[in-house]
Amino acid sequence: PVAPTESKGCTEVDVAAALPTREGWSTPLTLYKNCWLRTHTLNRFMLVQDNFKPRSDDIILATHPKSGTTWLKALAFTIANRSSYDFADHPLHAVNPQHLVPFIGAVGGDLDYIETIPSPRLLSTHLPLSLLPPSLSTVGCRIIYLCREPKDSFVSRWHFDNKMSKGNYPINLDEAFAMFCEGCSPFGPFWDHYLQYWKESLARPQEVLFLKYEELVFDPVKVVLKLADLIGVPFTQEEESSGVVEKVVKLCSFNELSSQGVNQTGSVERVGGKILIQFSSLFRKGKVGEWVNTMSKEMGEKLDILVEEKFKGSGLMF
Ligand code: A3P
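Residues numbered from 1 in each chain as written. Predicted model: local features only at pLDDT ≥ 70, side-chain atom pairs only at ≥ 80, totals over all residues. Heavy atoms only, no water.

Asks: So what exactly am I meant to see when it comes to the UniProt feature "domain: Sulfotransferase" (unreviewed entry) in the protein here?
Replies: In the numbering used here, UniProt assigns the "domain: Sulfotransferase" (unreviewed entry) feature to residues 57-315. This span, residues 57-315, is 45% helix and 11% strand, and a straight line between its end C-alpha atoms measures 29 Å. (UniProt positions renumbered as here; feature names shortened; annotations may be inferred. Helix = DSSP H or I, 4+ residues; strand = E, 2+ residues; numbered from the N terminus.)

Asks: Can you walk me through the nonpolar core in this structure?
Replies: Note that soluble globular proteins tend to have their nonpolar side chains buried in a common cluster. By size, the foremost hydrophobic cluster in this structure holds 57 residues, and its most contacted members are Leu-37, Phe-52, Phe-154, Phe-190 and Leu-303. Look past the residues within four positions of Phe-190 in its chain and what remains in contact with it is His-64, Pro-150, Phe-180, Leu-303, Leu-306, Val-307 and Phe-311. (Core = buried A, V, L, I, M, F, W, Y, C linked by side-chain atoms within 4.5 Å. Buried < 20%, exposed > 50% of the residue type's maximum accessible area, 1.4 Å probe, protein only. Contact = heavy atoms within 4.5 Å.)

Asks: What is the right way to look at helix 5 (residues 150-164) in this model?
Replies: An α-helix turns once per 3.6 residues; consequently, residues spaced three or four apart project the same way. When the terminal C-alpha atoms of helix 5 are compared, their 21 Å separation across 15 residues agrees well with the 21 Å that a helix rising 1.5 Å per residue should span. Counting buried positions along helix 5 yields 14 of 15 residues, so the element is predominantly enclosed. Looking at the residues trailing helix 5, positive phi occurs at Lys-166, about 65°. (Expected span 1.5 Å × (residues − 1).)

Asks: For this particular structure, what's the right way to read the site of the ligand?
Replies: Inspection of the region around the ligand gives 18 residues, with Lys-66, Thr-69, Thr-70, Ser-156 and Lys-285 positioned closest. A distance of 2.5 Å is found between an oxygen atom of the ligand and a side-chain nitrogen or oxygen belonging to Thr-70. In this structure, an oxygen atom belonging to the ligand sits 2.7 Å away from a main-chain N or O atom of Gly-286. The set of elements that each furnish at least two residues to the shell around the ligand consists of helix 2 (69-80) and helix 12 (254-258). With three residues, the top contributor of residues to the shell around the ligand is helix 2. (Near = heavy atom within 4 Å. Polar contact = N/O pair within 3.5 Å; in protein donor to acceptor, adjacent residues only side chain to side chain.)

Asks: Looking at this model, I keep getting lost on helix 7 (residues 190-203). Mind explaining?
Replies: Look at helix 7: 20 Å from first C-alpha to last across 14 residues, which is about the 20 Å you get at 1.5 Å a residue. For helix 7, the complete set of buried residues consists of Phe-190, Trp-191, His-193, Tyr-194, Leu-195, Tyr-197, Trp-198, Glu-200 and Ser-201.

Asks: Help me understand the confidence of the model for the protein, please; the structure alone is not making it clear to me.
Replies: In regions of low pLDDT, the predicted coordinates are not meant to be interpreted in detail. With 96% of its residues at a pLDDT of 70 or more, the protein shows a mean pLDDT of 94. Predicted confidence is poor over residues 1-12, with pLDDT under 50, and the contacts of this stretch with residues over four places away or in other chains come to 32 contacts. In the predicted assembly, ipTM is 1.00 and pTM is 0.95. (pLDDT = per-residue confidence, 0-100.)

Asks: Just checking my understanding: could you explain the environment of Ala-62 for this structure?
Replies: Tracing the backbone shows Ala-62 in strand 4 (residues 59-63). Taking the relative accessible area as the measure of exposure, Ala-62 reaches 0% and is therefore buried. In this structure the C-alpha to C-alpha distance between Ala-62 and His-99, which are 37 residues apart in sequence, comes to 15 Å.

Asks: Where do I start with the environment of Val-233 in this structure?
Replies: Note that Val-233 resides in the loop between helix 9 (220-231) and helix 10 (237-241). Look at Val-233 and you get partly exposed, because its relative accessible area is 27%. Ignoring any residue separated from it by four or fewer positions in sequence, one finds Val-233 in contact with Ile-79, Ala-80, Arg-82 and Ala-228.

Written out as structure tokens, the structure reads:
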């Protein structure tokens, strides 16, 4: 079930020329329908809303970037396919989790390819709900959404973009922070992203599971049980008593995944070689509250105030 990973060749887009575009992250971002997308991905993602055909039994892993997407993909894939693979000889030993669940519309997840996947499909996206087809809600697609405490999310983004840029930390922290707080970060504004899925989870609680990275870190067993229920493959009593849930957690843990050879040495190039995604950079620290080692206390306070303002009255808190 491994999706093709190589690009058909992303082209720079003409439409981007007419839209606001900003430099500052590892690649330029363009504001499309209130969402900042990497300019070189615009052509692909603009197609998704009108051309992706959701099926009622789709399971979509929707994540704000740098919230643990790689981890969630590993967990959901392992849970959904646990009757097909032995833990000792598992695809996660040879394939980066990002390549086990295709991103809708992205490289490796072309809409034509997505259409050929048999049901039930396990798919993923970083797109906000507002850039996905409205029929996703009406046909009842199940969604597992993952976000993260914004300070940790920002810090994870900043380190990752620096590594992608191939230079020696060329992205200025203060400028990146200012952009993040203005909402200008890949797939941002982050608050719109979180709130759209939050509201969807309130409207469709049986079909939309809203998760935070912190819940996964503090109680992975509990989250794995919830994931299996939502995916429609709950653990049997026998599985629970024989430790299968714990085996899933261990297989997908930071230590296990980051020590696989493919995740230590594998990489893919994008944008004609301008950026390099080393799989090792998808596994940095994997900690909660790690922002203190990169951001100042003042920056932290500023972001906390913004977060409080943006989420006020929604019921969503960090
Ligand atoms: P840090 O940069 O804070 O370490 P994404 O997969 O959405 O790009 O998110 C990347 C973040 O998830 C990184 O956070 C990374 O270390 C963390 N991560 C990746 N795999 C993980 C795992 N198995 N357990 C915990 N955290 C993980």
